[in-house]
Structure formats: structure tokens, C-alpha cells
Amino acid sequence: MSTPAIQIIDLHKYFGDLEVLKGIDFQIDRGEVVCIVGPSGSGKSTLLRCVNLLEEPTSGQVLIDGINITDPSTDIDQMRTRIGMVFQQFNLFPHLTVLRNLTIAQIKVLKRSKEEAETVAMDMLERVGVADKAHEYPIRCSGGQQQRVAIARSLCMGPEMMLFDEPTSALDPELVGEVLDVMRSLARDGMTMMVVTHEMGFAKDVADRVVFMDDGVIVEEGPPSEVLVNPRTDRARRFLRMVAEK
Amino acid sequence: MATRKRRVGPWSLGTVVAWLITIFVVAMLAIVADWERIGHHFFNLEVAEAMLPQLLTVAARNTVIYTIASFCIGFVLALMLALMRLSSFGPARAFALAYIELFRGLPALVTLILLAFGIPIAFSLRIPGGSMGAAVTGLSIVAGAYMAETIRGGIEAVPRGQMEAARSLGMSHGRTMFSIILPQAFRIMIPPLTNEFVLLIKDTSLFYVVGSTPATRELVKFARDFMSDRRNATPLTVIAIVYLLITLPLTYLVRRLEARVGRGR
């Protein structure tokens, strides 16, 4: 069997005295799409943010393609170019045009020429369907467009895997679909994806595996047809009932 | 309503009384004041004219040069201090904090005298540029302390997600600071930094205590020399006008910029 894309070993994370991750063991294979669901405060965003070390784990290991990124001697900046990340609040750079948002890291980190970076950027904007906004500032784009630009910005670095931190939670309901469509097409193209989401429909359709977290531990995991339809645990059942009632 | 009835149109009783008192005081001053003396000593055109070429070519020019020099050096200092203040390295944070508190806590004049006289006496060490070099260095040190806090505030006002997004793209902390955070922070900082510039213009007047040659005088020293020569106070009026001609437009500009930043957010 090949090395997993993401492997997490006995991960603990404290914020002060509060233990938000209580020993997580879990892995994602190449090309796999995994959705993390669970009530807010369950630690799912923190877990995601530990995968590219935006959050420093208190103990435990995170291995990306077999490389231990929690080892201080690992070049984390280089590793992060291989792990795309999409945020709830988009976090586009407001002082740069959409095109510059997509080229700046390519030029500064991957040392691509401006022309090369712009070619890649336009390809990616085309792919997410916002090429016409290339020369606008992010503020002139709708939330859905901004999030698609953010996805394109990550894709420009040529990542092997993508992390999504509640990518549709800040969007107006009518704009959710266009972002989910882009994510769906990424999944179809074989991208390894770890998605923290409240979109149960998306999880059911797209995920190869669903992980249900609560109170800092993984309570249940398996194919969506099991975890989301016939959960084994009470906690998962209660959560799904609450989500369904919304 | 009861309170309405006591008013006579827009004029309340209090307003009328205040106006009467003001008119009375102004009238008394106008009668009592020695207008001839005031005119001769504060608004003497002959004295003002005698100041003219040098007022602009030497004094005002020097004031502007000293201000810009102190601002630029102070700004570089301030940027380093602000980054140290936000650094994760404890000793750097402690040093920056001590520096900022020290030079904001002391009167600027003490720092100026320290550099112009204290250090040369103690170490027989002369700061390049003579006494004005020392004064500019001193004012830069003080300006750096004040501006460091302005810059830190600007950096902290940029949302945390900006740093996270850039870092997740593989940009280093320093690269993110210079390409992503600082350009946004400077937009926020432009009004307070312009304000700092206005304060510095006025603070260069402190240079008059450190001793200067006729060619290196700034506005206040220039005016003082003229006052001694002519036994006349008009130079004060003249430099007051020059100061206001520089500071008022800048103050107005700050207000405009603040309104724009306020709208933009």
C-alpha cells in the first residue's frame, strides 16, 4: 500500500488549559475525499488547521506524504505549497487585484516569472469560472466569486491536497452551489480533499468517507451511506437530527 | 413643553448672556489696548520685510529639512521597533517595549540635550552633522518611539486571516509581513503618521536650544535672533504664520484622510 497523503498520529492540542483535540489518529489516502462533520466546538477546524501547521499541535505527529511536518527541521513553507487551504472568510488580499492574488505566491515562493504565473493564474480562474474578474479587486466580487478565486489561488501552487475550512459557511444560501460545484469538479479530477463542512448533501454526494467528531475525538467514521444515514452512535444520531431540523 | 417656552426663537437666555459678556470684553480690550504699540511690535511690516529672503531660503527650508529627515529616520526606527514588539522572540519584545516607554516618557528636549551636549561631553564623541546632526538624531529617536506604536496598531488592525492565507500559500513570515500585511497596515496608518509629521514640524522648534550657525537656523532660532537685533516681536508673528501655513493644510488633509479610511471600512 502506498504512503497515505495525510497521516495523523495521537494528536493532542491544548488552548491554555482547554484540551480541544484529545488524541486523534486518522489518515487520508491519495485521491480520497474526506468530510469532517460535527457540532461547533468539536475541534474539527482545529484538526484541519493542524494539518498545515497553522495551529501548532501540543503533541503527536502530522505526516504529509510520509514527511513528518511536526519535526522542527522540516521546511514548513515548502510543505505548505503542497497543501492548499481554503478558509471560511476567503481571506483574499484586498489590496491586490484578483490576478495579483493568484500570482504573488507563485512569483515569491515558486520563483515563477510574471508571465508564467499569469498564464497559470488565468487557467485556474477559467477553471473556477471567474476569469472575467481577473483585473478587479476582491471587494468587487460576490462572496461566491471570492471563494472560487480563493480556491483558484490555492490551485496555482499545484497542491497535492486541499484543506477546506467550512468553505460555504460565510456565503449567502444562493451562492453556496457555485462553490460546491467547483469542489465537486476538483474531487472528480482526483484531488485529495479534507473538508470541514455543515453541507450534509455535499458530504453524502462527494465524500468517500465521513468523519464525525465531537468533543475533541473522532466518534465515528465510515462511508457517508453509513455515518450520515445509519450512524452507530447516539451522539452522531443526535447531531444529524439537529442538522436535519434546521 | 415648559423648557420650550423659556426660549426666544433659537436664542436661549444663556446664549444671549454669553454673547453680551463676549461683546463687552472685546469692546473693553479694544478701548484699553495700546494699538499703536501692538501694531509696532507685532505687526511691523518693515521688520517683516527685512526677514524675507532668509525667512524662506534658510529658516523655513531648514525646518522642513529637519522635519523630513527626522520623520524618515524615525520611521525606519519605528518600523524595526514595531516588528520587534510583535516578534515571538522575548528579548526583542522587551527591548522594544523599554525603548518605546523610555523615549515617550521623557520630554523630547531631554533627549535632544543628551545627544547635543551630554554624549559629546561624556565621550568626547561628536555626532556627524554638528549640533543639528545631533538634534535630528535626537528627534528621530523620539519620533521612532511614538511612530512605533502607530505602526504596531496598524499591523494589528490587519485581520489575522491575511497572515494565515499567505502562510498557507508557503510564504514565509517576513515575506508575508512585507508583501501582504504592511501594505494594508500603511493604508490604515497614513492619517496618524501625517499627524505625527505635523507634531514633528513643531518639535523642530526645540532645536533652538542646541546652538546653530546662521546657515543652519530653523524658524524659531531665526526669529529669536531677529527679535534681539531689532528689539521687536514681529518675527514671532511672522513665523507663527509660516507654521500655520504648513500645519493647517496638513491637519485638514489628515481629517479628510481619516474620513476616507472611516468610509472604506
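Definitions and limits used
Residues numbered from 1 in each chain as written. Chains lettered and ligands numbered in written order. Predicted model: local features only at pLDDT ≥ 70, side-chain atom pairs only at ≥ 80, totals over all residues. Heavy atoms only, no water. Contact = heavy atoms within 4.5 Å. Buried area = accessible area lost by both parts, 1.4 Å probe. Salt bridge = Lys/Arg side-chain N within 4 Å of Asp/Glu carboxyl O. Helix = DSSP H or I, 4+ residues; strand = E, 2+ residues; numbered from the N terminus. Nonpolar A, V, L, I, M, F, W, Y, C, P; charged D, E, K, R; others polar. Axes fitted to C-alpha atoms, helices over the stretch in contact; angles between N-to-C directions. Parallel < 35°, antiparallel > 145°, perpendicular 65-115°, else oblique. Left-handed = near helix turned anticlockwise from the far one by under 90°. Pairing = 2+ DSSP bridges. Phe/Tyr/Trp six-rings, centres within 6.5 Å; stacked < 30°, edge-to-face > 60°. Buried < 20%, exposed > 50% of the residue type's maximum accessible area, 1.4 Å probe, protein only. Lys NZ or Arg CZ within 6 Å of the ring centre and 35° of its normal.

> I'm lost on the interface of chain B and chain A in this one. Help?
By a widely used convention, the size of an interface equals the accessible area lost when the partners come together. Contacts between chain B and chain A engage 18 residues on the former and 22 residues on the latter. Summing both partners gives a buried area of about 1700 Å² for chain B against chain A, and 61% of it is carried by carbon and sulfur. Considering only the surface of chain B that becomes buried against chain A, E164, S168 and L169 of chain B emerge as the three largest contributors, covering 34% of it. Linking chain B with chain A are two salt bridges. Only α8 (160-168) and α9 (173-203) of chain B provide two or more residues apiece to the side of chain B that touches chain A. In terms of residue count, the dominant contributor to the side of chain B that touches chain A is α8 of chain B (eight residues). By residue class, the composition of the side of chain B that touches chain A is six nonpolar, seven polar and five charged.

> What is the right way to read the packing of helix α4 (residues 45-85) of chain B against helix α10 (residues 219-230) of chain B from this model?
When two helices pack together, their arrangement is given by the angle between the helix axes and by the axis-to-axis distance. All names here are of chain B. Viewed as axis vectors pointing N to C, α4 and α10 meet at an angle of 155°, and their least axial separation amounts to 9 Å. As the angle between them shows, α4 and α10 are arranged roughly antiparallel. Viewed along their axes, α4 and α10 form a crossing whose handedness is right-handed. Taking contact as the criterion, the partners of E46, V47, A50, M51, Q54, L55, A59, A60 and T63 in α4 are, on α10, L219, F222, F226 and R230. Tallied by class, the residues present in the contact of α4 with α10 amount to nine nonpolar, two polar and two charged.

> Whenever I open this one, the sheet that holds strand β5 (residues 67-68) of chain A confuses me. Can you help?
Two orientations exist for strands paired in a sheet by backbone hydrogen bonds: parallel and antiparallel. Residue and element names in this part refer to chain A. On the basis of which strands lie adjacent, the open sheet formed by four strands has the order β2-β1-β4-β5 and antiparallel pairing. Looking at which strands have only one partner, the edges of the open sheet turn out to be β2 (18-28) and β5. Two elements, strand β1 (residues 6-15) and β2, share eight bridges in a ladder whose sense is antiparallel. Counterpart to F15 in the pairing with β2 is L18.

> Explain the sheet that holds strand β10 (residues 217-222) of chain A to me, please; I cannot follow it from the model alone.
Residue and element names in this part refer to chain A. The strand order across the open sheet formed by six strands is β6-β7-β8-β3-β9-β10, and the pairing between neighbours is mixed. Only two strands of the sheet have a single partner each, and these edge strands are β6 (83-86) and β10. Averaged over all neighbouring strand pairs, the angle between strand axes comes to 15°, with direction disregarded. In the packing of helix α5 (residues 143-155) onto the sheet, the strands contacted are β6 and β7 (161-165), and the crossing angle to β6 comes to about 170°.

> Just to check I follow, could you spell out the packing of aromatic side chains for this structure?
The geometry of an aromatic ring pair is captured by two quantities: the separation of the ring centres and the angle between the planes. Using the criterion set out here, one finds eight aromatic pairs over all chains in the structure. Ring geometry for F222 of chain B and F226 of chain B: centres 5.5 Å apart, planes at 50°, overall tilted. In this pair, F222 of chain B and F226 of chain B both sit in helix α10, four residues apart, roughly one turn of the helix. Grouping residues by exposure puts F222 of chain B and F226 of chain B together as buried. Each residue in the set F71, F75, F186 and F197 of chain B is aromatic and connected to the rest through ring pairs, giving one cluster. Stacked on the ring of F93 of chain A, the Lys or Arg R153 of chain A has its end atom at 4.4 Å from the ring centre.

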